Amino acid sequence: MNQKEYLKIAAAIAGIALLYAGYVAVYLSIADPIRGQWMFALSPWVVALGIAYAYGVVSYRMTQGEEGWKQILGLVVYIMTGWLRHWRLIVALVFITAGLVVITTSQRYYTYTEVTGYRYFLDVKTAPAITGVYPIYGPRTAEVRIYPPGGEALRGEVFLPPIVSGLSTSIGEFVTAAALMEFPVRTHRQIWYLEMGLVTVGLTLIIAGLLFGLYHGIQANNNLLRQCGDHTANYYANLLKLYGYEVPEGYTEALAEFYKTGKLDKLRSLEAK
């Protein structure tokens, strides 16, 4: 490759790096949690497609245009979406997803109040009462006339000792009863729990999906083992024939049975002959 080809490869790698940097910057700047979750979920696809594109550009330059980024991207998409071509996996995924959704909806909250202490208040009852009696004194005077000899009478007033003219009272209160009142202090509490009926249904769906997928996965694996055993046995039998060895009758079937099941009885019986 010439220098121009190397520059194109470097430009492709730099472009992918800038794409990743921009994607991360947009993800960190998003305040909406929903959009942020979607971008986080799509990040593996972005990384895989970016690497596939960069590898495809390099492969296109290295293979003289025989295998480029289009072929690599097509292969990545084929691998990522391969499970969609198997309806059994889709059914198992639907069962498992439904079970998880049911378990998620089984959340319940129970709120109740609980007495966590007491408050006390002194209740006092009073009644009015006379707290004091005081006498009221009034002034008392008397008119006095003095008759001097040969003169006119003189008049005057003299003050006599005061007398009680009335009573004054003062009204107050006195305690008639007292009681200590008790008031409970209530605290609100909340309990989180799962409704066991929905949890049982969800677990049943999840287990059913796992068993369904596992069963068909084992069947598919057994079919692949059978095909692989037959192909491998034919390959080694033909290889022995190519090298000039004599392959006995039934050797290919015995070798295929060994590859598929691990049984050596037929293969040992042929070797003993």
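Residues numbered from 1 in each chain as written. Predicted model: local features only at pLDDT ≥ 70, side-chain atom pairs only at ≥ 80, totals over all residues. Heavy atoms only, no water.

1. Concerning the packing of aromatic side chains
This is how it is decided: Centre distance within 6.5 Å is the pairing criterion for rings of Phe, Tyr and Trp, where only the six-membered ring of Trp is used; planes under 30 degrees apart are then read as stacked, over 60 as edge-to-face, and the remainder as tilted. Exposure is judged per residue with a 1.4 Å probe applied to protein chains only, and the accessible area is read against the type maximum: over 50% gives exposed, under 20% gives buried, and values in between give partly exposed.
Considering all chains together, one arrives at three aromatic pairs under this definition. Ring centres 5.7 Å apart and planes at 20 degrees place the aromatic pair Tyr110 and Tyr112 in the stacked group. Measuring from centroid to centroid gives 5.3 Å for Tyr235 and Tyr236, while their planes differ by 75 degrees, and the two rings are edge-to-face. Looking at Tyr236, the relative accessible area reads 38%, which means it is partly exposed.

2. Looking at the side chain of Thr252
The condition that has to hold: Runs of E in the DSSP output that reach at least two residues are strands. Runs of H or I that reach at least four are helices, and both are numbered from the N terminus. Contact definition: two residues touch when any of their heavy atoms are within 4.5 Å.
Its place among the elements puts Thr252 in helix H6 (residues 251–261). Residue class for Thr252 comes out buried when judged on its relative accessible area of 18%. When residues no more than four places from it in sequence are discounted, the contact partners of Thr252 are Ala233, Asn234 and Ala237.

3. A closer look at the packing of helix H5 (residues 196–242) against H6
Axes are the key here: two packed helices are described by the angle between their axes and the distance separating the axes. What counts here: A fitted line through C-alpha atoms represents every axis, and for helices the fit uses only the stretch in contact; the resulting angles, taken between N-to-C directions, go from 0 to 180 degrees. Small angles under 35 degrees read as roughly parallel and large ones over 145 as roughly antiparallel, with 65 to 115 read as roughly perpendicular and the rest as oblique. Take the far helix as your reference; a near helix turned counterclockwise from it by less than a right angle gives a left-handed crossing, and one turned clockwise gives a right-handed crossing. Each residue is assigned to one class: nonpolar for Ala, Val, Leu, Ile, Met, Phe, Trp, Tyr, Cys and Pro, charged for Asp, Glu, Lys and Arg, and polar for all the others, Gly among them.
Taken N-terminus to C-terminus, the directions of H5 and H6 make an angle of 140 degrees; their axes are 8 Å apart at the nearest point. Comparing their axes, H6 and H5 come out oblique. Here the hand of the crossing between H5 and H6 comes out right-handed. Where H5 abuts H6, its residues Leu225, Arg226, Gly229, Asp230, Thr232, Ala233, Asn234, Tyr236, Ala237 and Leu240 lie against Tyr251, Thr252, Leu255, Ala256, Tyr259 and Lys260. Of the residues that constitute the contact of H5 with H6, the class distribution is nine nonpolar, four polar and three charged.

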